[in-house]
Amino acid sequence: MKKIFLFFLLTFCVFVGYTQEISRFNPDTLKTITLDSAVNIKAERLNVETFINKIINDTSFYQSFRDMKRYTFIAENRIYTYDKKNKVNGRIYRKIRHNNSGPYKLEYLVKQDTGKMYKKNGKYQLYTVEMFDYIFMNAYSTDFVKNAPMDGKKGGGTNESYKDKLKTLIFNPGRPVKGIPFIGSKTEIFSANMRQYYDYGFTSATYLDSIPVYRFKVSVKPDLSSWTKDGIMIKELVTIFDKRNFNILGRYVDMKYSNMLFDFDVQMNIEMGYFGEDKLPTKITYQGNWNVPFKKEERASFLVLHKDYHLEKQK
């Protein structure tokens, strides 16, 4: 169950971590969005349902990860782990060339480790880091394959079931995630039952200094009782839309929940950029604490930057 739960936390990826709920070192210092000071967007003939329908029906995030297989690019991965006082006690830095010229090849340009990151058997000390390594390294060469189905209707047993949950969490936020105890229905923030607990709103903004966007924010209502707030898992969900074509350029999520089985506090984001006609991932960040009974509490943060995308013509 522990691995299933970590898989869930590390794959609910969304956008724009300009707020930082966990008070400690934040490796993400790149600010990419600026809210417009005073813009009246009521005249745009948009409403909350416009944004919700786009989020629910969007397939572009999935396509963006699949499109990476047609490119060669550089990924810089920074991983930090923390002690109980939120002081950094371990670091991993990887600079990797994902070479898609011909058969896929992963090339390490830089590998640096400090602190106690590994067990004696060579495996990572923390499941958090292990799942990060699986999601953001193996995914490039295995999960996001050409023509892979999004509905998960294929064989493969338990491992394939976990991958199906990953795809739902990344590409279909707001839908239920079956098979995770006490969690599945709490992700349905657009359902009739859950809407009573959230405020929905949108503002105008600028992304990467030049792209006009809408920032659609779903956040827990501030006047709810403490007991009600504690039972709501997703505290905030932000989605960024390109005004020119309504493409989704990024997502951010803030999640916090506690019961007898686990306790977690997580913020994550994914950001996209344009490369020719394609929209591709450029930044992925994670800040999280989680704990389960009889296990060591895990505290970690990640920063992944993608750059130097080069389209391989034969792909």
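Quick caveat, the model's predicted, so the values are computed rather than measured. (Residues numbered from 1 in each chain as written. Predicted model: local features only at pLDDT ≥ 70, side-chain atom pairs only at ≥ 80, totals over all residues. Heavy atoms only, no water.)

## What to know about the confidence of the model for the protein chain
Link 1 in the chain: On average, residues of the protein chain score 76 in pLDDT, and 69% of them reach the 70 mark or higher.
Link 2 in the chain: Of all the helices and strands in the protein chain, helix α1 (residues 2–9) carries the lowest mean pLDDT, 49, while strand β6 (residues 211–220) carries the highest, 92.
Link 3 in the chain: Here residues 7–20 is modelled with pLDDT under 50, and outside its nearest four sequence neighbours on either side it reaches 81 contacts, counting other chains as well.
Link 4 in the chain: Counting interchain partners and residues more than four positions distant, the pLDDT-below-50 stretch residues 139–163 has 43 contacts. (pLDDT = per-residue confidence, 0-100. Helix = DSSP H or I, 4+ residues; strand = E, 2+ residues; numbered from the N terminus. Contact = heavy atoms within 4.5 Å.)

## Overview of the side chain of T239
Link 1 in the chain: Residue placement: T239 occurs in strand β7 (residues 234–242).
Link 2 in the chain: Setting aside anything within four residues of it in sequence, one finds T239 in contact with I55, Y214, R215, F216, I248, G250 and R251.

## Some points on helix α3 (residues 60–67)
Link 1 in the chain: In terms of burial, α3 is largely enclosed, as seven of its eight residues are buried.
Link 2 in the chain: Those residues of α3 not exposed but buried are S60, F61, Y62, S64, F65, R66 and D67. (Buried < 20%, exposed > 50% of the residue type's maximum accessible area, 1.4 Å probe, protein only.)

## Notes on unusual backbone geometry
Link 1 in the chain: The backbone phi angle of F246 is positive, close to 65°, even though this residue is not glycine.
Link 2 in the chain: Counting through the fold element by element, F246 comes out in the loop between β7 and β8 (248–258).
Link 3 in the chain: We classify F246 as buried; its relative accessible area is 17%.
Link 4 in the chain: Although it is not a glycine, D308 sits at a positive phi angle of roughly 55°.
Link 5 in the chain: Mapped onto the fold, D308 is located in strand β11 (residues 298–311).
Link 6 in the chain: Judged by its relative accessible area of 55%, D308 is exposed.

## Thoughts on the packing of aromatic side chains
Link 1 in the chain: Enumeration according to the criterion identifies 15 aromatic pairs in this entry.
Link 2 in the chain: When the centroid spacing of 4.7 Å and the interplanar angle of 40° are considered together, the rings of F51 and F202 count as tilted. Taken together, the residues F51 in helix α2 (residues 48–57) and F202 in strand β5 (residues 198–207) connect sequence positions 151 residues apart.
Link 3 in the chain: Here F51 falls in the buried class, since its relative accessible area comes to 0%.
Link 4 in the chain: Measuring from ring centre to ring centre gives 5.7 Å for Y71 and Y309, while their planes differ by 85°; the resulting arrangement is edge-to-face. (Phe/Tyr/Trp six-rings, centres within 6.5 Å; stacked < 30°, edge-to-face > 60°.)

## A few points about the pattern of salt bridges
Link 1 in the chain: Evaluation of the coordinates by the stated rule reveals 12 salt bridges.
Link 2 in the chain: The partner of D58 in a salt bridge is R251, with the nearest N and O atoms 3.6 Å apart. Of this pair, D58 sits in the loop between α2 and α3 while R251 sits in strand β8, placing them 193 residues apart in sequence. Neither D58 nor R251 differs from the other in exposure class; each is buried.
Link 3 in the chain: Put simply, E236 and K217 hold a salt bridge, and the shortest N to O gap is 3.6 Å. In this pair, E236 sits in strand β7 while K217 sits in strand β6, placing the two residues 19 residues apart along the sequence.
Link 4 in the chain: Among the residues examined, E236 registers a relative accessible area of 13% and is labelled buried. (Salt bridge = Lys/Arg side-chain N within 4 Å of Asp/Glu carboxyl O.)

## Describing the pairing of strand β10 (residues 278–291)
Link 1 in the chain: Judged by how many residues are buried, β10 sits mostly within the fold: 13 of 14 residues are covered.
Link 2 in the chain: As judged from the 13 bridges shared by strand β9 (residues 263–275) and β10, these two strands associate in the antiparallel manner. Its bridge partner lying in β10, F275 is registered against D278.
Link 3 in the chain: Adjacent in sequence and paired antiparallel, β9 and β10 are bridged by two residues, among which G276 carries a positive phi angle near 65°.
Link 4 in the chain: Pairing of β10 with β11 involves eight bridges; the strand directions are antiparallel. Bridge pairing in β11 places N289 opposite R299. (Pairing = 2+ DSSP bridges.)

## Notes on the sheet that holds β9
Link 1 in the chain: In spatial order, the strands read β1-β5-β6-β7-β8-β9-β10-β11-β2-β3-β4; together these 11 strands make up an open sheet with antiparallel pairing. For this open sheet the edge positions go to β1 (33–35) and β4 (105–115), each flanked by a neighbour on one side alone. The average undirected angle you get between the axes of adjacent strands in this sheet is 15°.
Link 2 in the chain: Where β1 lies against β5, three bridges are found, and the strand directions are antiparallel. (Axes fitted to C-alpha atoms, helices over the stretch in contact; angles between N-to-C directions.)

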